[in-house]
Amino acid sequence: MGFPAAISVLLVSVSIMLLNGLLLSHENGNILSAAYGVTSKCGTIALHISIGIAQGVMPLIGYNYGAKNHKRVHEVCRLSFLILFLFSLIFLVIVQLFPGAIVRLFIDHAQTIEVGSVFMRCWSWCVIGMSLFNMYNSIFQAVGKWKTSLMLAVLRLGVIFSVLCVVLNALFGVSGLMWVQAITDTLSCLIAMVMYGRFKKSLAGELAAAAKPAAAPATVNRVITISREFGSGGRTIGKEVAARLGIPCYDSELIEKIAAESGLAKEYVEQHSEYAASDSLYENAMAGREQDGQSVADKMWLAQKKVITDLAEAESCVIVGRCADYILRDTADCLTVFIHASDEQRAERIVSVYGQREESPVQRLRDKDRKRKAYYELYTGTSWGQADNYELCLDSGKIGMEGCVNMIAQLFQRT
């Protein structure tokens with residue numbers, strides 16, 4: 001994945017050597033070379049800022065692409081392009097208005113400042129194309145299309161730039177060389193835009209498929225899914241509902257099934273199959289990915305989806321947590337339930353039932369809920385705990401555990 005970036009850095013050095021050598025071959029070559037040196041140093045500022053933005057969002061793009069959350073991939077890319085375009089536009093305007101002042105910051109030589117100002121104005125038109133090109137290149141790297149990224153890198157500085165240097169130098173001399181970078185990055189950006197358009201079209205097709213009306217349930221079995229705040233008693237309620245109805249309940253039992261399906265260690269699944277590593281989207285996105293753009297967490301999520309879907313197809317049951325309400329939304333006849341309670345009641349419960357006294361109970365509740373919420377929203381794109389995402393929301397602190405069990409069982413039997 002890093003090979004295209006390495007080649008890009010190498011080609012930047014080669015391109016500078018090539019253009020500098022051609023400039024030195026002209027009359028007053030030392031002044032031209034000095035002017036180009038100042039221009040390239042100023043360009044490095046714009047280049048590194050655009051690379052920083054483009055590479056900074058790579059983990060977000062790669063994480064969501066691996067999780068098949070293509071809507072979020074599109075949103076991240078769109079926002080990134082907007083930021084880069086505005087930055088480039090501001091940078092271009094500043095250089096066009098104050099080229100002499102910028103050159104003077106680097107060198108105090110009248111003739112070099114004069115030539116450098118012209119060079120700077122010509123060169124600055126590359127900033128928009130260069131910034132957007134870096135973003136396109138980062139997207140292809142993030143989604144595992146490293147060959148496309150490598151091809152673009154070589155095409156830009158290895159082919160287009162080199163050919164333009166020779167041709168424009170022969171046709172227009174120094175004036176032609178001053179426009180090489182701007183023309184190179186504009187052409188490269190247009191080529192990358194076409195290739196990105198094809199990639200975006202494939203994503204749009206998957207988004208359109210996902211937006212189609214929900215299909216009829218693929219199974220006649222009825223399933224109850226229990227989502228819950230930590231310490232609200234959702235697990236206990238789920239087991240008692242299952243016992244009342246005479247159907248199985250899957251909670252910790254899912255861990256072994258997901259481990260077997262994914263090939264991951266049971267301990268890893270137990271720790272990560274319902275909680276994100278952090279409540280920060282960016283930190284979660286930093287997880288390592290393979291060439292297919294998926295991380296270990298993504299592969300576990302896909303295994304989790306298959307296990308839960310297979311259980312719903314096999315029999316009526318109660319499934320606790322693990323985004324089952326979202327996973328089964330189009331394939332099963334579900335009663336989706338969310339159990340919650342006040343912080344005080346939940347804190348009392350985790351102390352009395354779980355014996356957790358090693359830290360502030362309220363803080364532990366909030367940490368658990370944040371990571372559970374982050375996991376749910378990363379992989380579903382919907383809001384965890386939002387009332388309109390569930391058919392039934394119950395406050396176990398006010399209704400009581402038995403009251404929750406009764407209401408869920410009655411609704412399941414009536415509908």
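Above this text you will find the structure in question.
Residues numbered from 1 in each chain as written. Predicted model: local features only at pLDDT ≥ 70, side-chain atom pairs only at ≥ 80, totals over all residues. Heavy atoms only, no water.

With that out of the way, let us pick up the overall build of the protein. Summing up its helical and strand segments, the protein has 20 helices and 5 strands in all. By residue count, 50% of the 415 residues in the protein fall in the buried class. Taking the contacts inside the protein whose residues are at least 6 apart along the sequence as the reference set, 76% of them involve residues at least 24 apart. (Helix = DSSP H or I, 4+ residues; strand = E, 2+ residues; numbered from the N terminus. Buried < 20%, exposed > 50% of the residue type's maximum accessible area, 1.4 Å probe, protein only. Contact = heavy atoms within 4.5 Å.)

Bringing the sheet that holds strand β3 (residues 317-320) into the picture now. Two modes of strand pairing occur in sheets, parallel and antiparallel, and in both the strands are linked by backbone hydrogen bonds. Strand order in the open sheet formed by 5 strands is β2-β3-β1-β4-β5, and the pairing between neighbours is parallel. For this open sheet the edge positions go to β2 (249-250) and β5 (392-395), each flanked by a neighbour on one side alone. As paired elements, strand β1 (residues 222-228) and strand β4 (residues 333-340) share 7 bridges and run parallel to each other. Each residue of the ladder has a partner; that of T225, found in β4, is T336. (Pairing = 2+ DSSP bridges.)

Moving on to the packing of aromatic side chains. Scanning the model with the defined rule gives 13 aromatic pairs in all. With a centroid separation of 5.4 Å and an interplanar angle of 80°, the aromatic rings of F338 and W384 are classed as edge-to-face. Separated by 46 residues along the polypeptide, F338 in strand β4 and W384 in the loop between α18 (361-380) and β5 bring together distant segments of the chain. Residues F338 and W384 agree in their burial class; the two are buried. The rings of Y65, F81, Y136, F140, Y196 and F199 are connected pair by pair, giving a single aromatic cluster. Its end group placed over the ring of F412, R222 keeps NZ or CZ at 4.7 Å from the ring centre. The ring of Y326 has R329 sitting right over it, with the charged end atom 3.8 Å from the ring centre. (Phe/Tyr/Trp six-rings, centres within 6.5 Å; stacked < 30°, edge-to-face > 60°. Lys NZ or Arg CZ within 6 Å of the ring centre and 35° of its normal.)

Bringing helix α15 (residues 296-314) into the picture now. Counted at 1.5 Å a residue, the expected span for α15 with its 19 residues is 27 Å, and the 27 Å between its end C-alpha atoms agrees. Listing the buried residues of α15 in full gives A297, D298, M300, W301, A303, Q304, V307, I308, T309, L311 and A312. (Expected span 1.5 Å × (residues − 1).)

So, about the pattern of salt bridges. One pass over the full model with this rule turns up 13 salt bridges. Across the pair R156 and D185 runs a salt bridge, and its minimum N-O distance is 2.5 Å. With a gap of 29 residues between them, R156 in helix α8 (residues 146-172) and D185 in helix α10 (residues 180-210) connect regions that are remote in the sequence. Each member of the pair, R156 together with D185, is buried. Close ionic contact of K306 with D310 constitutes a salt bridge, the shortest N to O distance being 2.9 Å. Taken together, the residues K306 and D310, both in helix α15 and 4 residues apart, mark about one turn of the helix. Note on D310: relative accessible area 35%, which makes it partly exposed. Residues joined by salt bridges that share partners form a network here, namely E229, D343, R346, R366 and D369. (Salt bridge = Lys/Arg side-chain N within 4 Å of Asp/Glu carboxyl O.)

One finds V223, L254, I258, I308, I319, L328 and Y379 to be the most contacted residues of the largest nonpolar core, which totals 32 residues. Broken down by element, this core gets its largest block of residues, 8 residues, from α15. Not counting residues up to four positions away in its chain, the partners in contact with L254 are V307, I308, L311, I319, V320 and R322. Ranked by size, the runner-up nonpolar core spans 25 residues in total, among them A54, L84, F133 and I139. (Core = buried A, V, L, I, M, F, W, Y, C linked by side-chain atoms within 4.5 Å.)

With that settled, consider a nonpolar patch on the surface. On the surface, L79, L82, I83, F85, L86, L89, I90, V93, I94, L97 and F98 cluster together into a nonpolar patch covering about 1,000 Å² of accessible area. With respect to the secondary-structure elements, I83 resides in helix α4 (residues 70-97). (Patch = residues over 30% accessible without salt bridge, like charges linked within 9 Å, V, L, I, M, F, W, Y side chains within 5 Å. Areas by Shrake-Rupley, 256 points an atom, 1.4 Å probe, with all protein chains shown as cover.)

What follows is about unusual backbone geometry. Note on backbone geometry: most residues besides glycine have negative phi, and most peptide bonds are trans. Positive phi, normally seen in glycine, also occurs at R322, with a value near 55°. With respect to the secondary-structure elements, R322 resides in the loop between β3 and α16 (324-327). Classification of R322 as buried rests on a relative accessible area of 6%. In the Ramachandran plot, C323 falls in the positive-phi region, its phi being about 60° despite a non-glycine side chain.

Locating I160 in the fold gives a position in helix α8. Spatially, the C-alpha atom of I160 lies 8.9 Å from that of D185, the residues being 25 residues apart in sequence.

Among the residues making up helix α17 (residues 343-352), those that are buried are R346, A347, R349 and I350. Taken around the axis of α17, the buried residues stretch over an arc of 160°, which confines them to a single face. Opposite the buried face of α17, by more than 90 degrees, sit the exposed residues E344, E348 and S352. Against α11 (234-245), α18 and α20 (401-414) lie the buried residues of α17. (Arc of directions from axis to C-beta.)

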